[in-house]
Amino acid sequence: MDTRPIGIFDSGVGGLTVAKEIYARFPHLSTVYVGDTARVPYGNRSQDAIIAFSSQIIDFLLTQSVKAIIIACSTSSALALAALKQKYDLPIYGVLEPAAISACIQTKNKKVGVIGTRATIQSQQFSQIINSVDSNISIATKACPLFVPLIEEGMTEGEIPISIAHYYLDSFKKEHIDTLIMGCTHYPILQPIISSVLGRNIELINPGIALCESLTKDPLFSTNAVNQQSSHKWFVTDNPDQFSLVARTFMNSASAINTQKITLF
Ligand code: DGL
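These notes cover the structure that comes with them. (Residues numbered from 1 in each chain as written. Predicted model: local features only at pLDDT ≥ 70, side-chain atom pairs only at ≥ 80, totals over all residues. Heavy atoms only, no water.)

Tallying secondary structure elements over the protein gives 12 helices and 10 strands in all. For 265 residues, the compact-globule estimate of 2.2 N^0.38 gives 18 Å, and the protein sits close to it at 18 Å. Judged by the C-alpha coordinates and their principal axes, the protein covers about 50 × 40 × 35 Å. Relative to its 265 residues, the protein shows a buried fraction of 56%. Long-range contacts, defined here as pairs at least 24 residues apart, represent 76% of the contacts in the protein between residues at least 6 apart. As displayed, the protein offers around 12000 Å² of accessible surface, 49% of which is attributable to carbon and sulfur atoms. Each charge class in the protein can be summarised by its mean position, and for the 20 positive and 21 negative side chains these summaries are 2 Å apart. (Helix = DSSP H or I, 4+ residues; strand = E, 2+ residues; numbered from the N terminus. Rg over C-alpha atoms; globule rule 2.2 N^0.38 Å. Buried < 20%, exposed > 50% of the residue type's maximum accessible area, 1.4 Å probe, protein only. Contact = heavy atoms within 4.5 Å. Areas by Shrake-Rupley, 256 points an atom, 1.4 Å probe, with all protein chains shown as cover. Lys, Arg positive; Asp, Glu negative; His and termini not counted. Charge placed at Lys NZ, Arg CZ, Asp CG, Glu CD.)

For the ligand, the set of nearby residues contains 13 residues, the closest of which are Asp10, Ser11, Tyr42, Gly43 and Thr75. Asp10 is positioned with one of its side-chain polar atoms (N or O) 2.8 Å from a nitrogen atom of the ligand. Here Ser74 contributes a backbone N or O atom positioned 3.0 Å from an oxygen atom of the ligand. The protein chains hide 99% of the 290 Å² of surface that the ligand would expose on its own. If you map the ligand onto the pockets, it falls in the second largest pocket. A per-class count over the shell around the ligand returns 5 nonpolar, 7 polar and 1 charged. (Near = heavy atom within 4 Å. Polar contact = N/O pair within 3.5 Å; in protein donor to acceptor, adjacent residues only side chain to side chain. 1 Å grid on protein atoms, 1.4 Å probe; cavity = no way out; pocket = protein on both sides within 12 Å on 5 of 7 lines; lining within 4 Å. Sits in = over half its atoms within 2 Å of the grid points. Nonpolar A, V, L, I, M, F, W, Y, C, P; charged D, E, K, R; others polar.)

This part takes up the packing of aromatic side chains. Overall, the coordinates contain 9 aromatic pairs when judged by the stated rule. Ring geometry for Phe147 and Tyr168: centres 5.2 Å apart, planes at 85°, overall edge-to-face. Of this pair, Phe147 sits in helix H8 (residues 147-152) while Tyr168 is found in helix H9 (residues 159-169), placing the two residues 21 residues apart along the sequence. Residue class for Tyr168 comes out buried when judged on its relative accessible area of 5%. Seen from their ring centres, Phe147 and Tyr187 are 5.3 Å apart, and the 85° between their planes marks the pair as edge-to-face. Highlighted residues: Phe147 in helix H8 and Tyr187 in the loop between strand S7 (179-183) and helix H10 (191-198), separated in sequence by 40 residues. (Phe/Tyr/Trp six-rings, centres within 6.5 Å; stacked < 30°, edge-to-face > 60°.)

So, on to a nonpolar patch on the surface. Side chains of Ile101, Ile105 and Val133 sit close together on the surface and give an oily, nonpolar patch of about 270 Å² of accessible area. The exposure class assigned to Ile101 is partly exposed, which follows from its relative accessible area of 33%. (Patch = residues over 30% accessible without salt bridge, like charges linked within 9 Å, V, L, I, M, F, W, Y side chains within 5 Å. Salt bridge = Lys/Arg side-chain N within 4 Å of Asp/Glu carboxyl O.)

Inspection of the entire model under this criterion finds 1 cavity of 30 Å³ or more. When its volume is computed, the largest cavity comes out at roughly 30 Å³. Listing elements by their share of the lining of the largest cavity, those giving two or more residues are helix H1 (16-25) and helix H11 (207-215). Considering only residue class, the lining of the largest cavity consists of 6 nonpolar, 5 polar and no charged. (Points joined across faces, edges and corners; volume = space filled by probe spheres on them.)

Strands in a sheet are paired, the pairing made by backbone hydrogen bonds, and the direction either parallel or antiparallel. With parallel pairing, 6 strands are arranged side by side in an open sheet as S4-S3-S1-S2-S9-S10. Each edge of the open sheet carries a strand with a single partner, namely strand S4 (92-93) and strand S10 (259-261). Pairing between strand S9 (residues 232-236) and S10: 3 bridges, direction parallel. Across the sheet, the residue bridging to Trp234 is Thr259, located in S10. Helix H12 (residues 240-251) contacts strand S2 (31-35), S9 and S10 of the sheet and is inclined by roughly 145° relative to S10. (Pairing = 2+ DSSP bridges. Axes fitted to C-alpha atoms, helices over the stretch in contact; angles between N-to-C directions.)

The analysis is restricted to geometry; functional conclusions fall outside its scope.
And the structure:
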């Protein structure tokens, strides 16, 4: 039995929405999480920068003896996954493909919406994956750059997030989508608002949940070892105390999170 941990990384704290799903779905697995809080956000960065930053994180995770890597960050999954898979000799999973496949399965009218950071939307990766599965699906996309700072400021309820959600999402109404991919780590935190603005009949795809569903048959995530003792470690490149605080919101966690600072550059 391979008890080595799984590495999970993100540009910052947002990837904990994905980690939370992994902890819940695979409670026997140990994990090592890295949040690149010194260089967040990735959403407006160049592809070269995102590949370089992601590589530095993976180099660190390899020192932690991880057996596989999950890229929780949608932006890094969109812009760096292919390069990282070529560079490293261990399994690396991104969140785009499972989310895109889940949307293809969910949509009944073959009209899918995708929201994400500017870099993710400009990469057109979601659209390419969806249309490689089903070329008859039409896709409407929207970058929502204000959502991330809004959530990090804790503004997840009330007039301000609702009016920003209308600003970004109202255009989807004329597209008649029946499914929306929340293509960024942070967005599931706004799920109640997104759902109320778009209408509750729209299916919302949470990439963390879609990823976990896609991993259930993967031997590396096998649940054979249910009695195995798991452990979780968290590392960040800046402000570990702030990370520990915000992490509670992202994971709805009652218990404290002990975060260590690392230097990658
Ligand atoms: N983690 C990023 C993503 O999922 C959002 C925050 C950022 O821009 O770095 O796309």
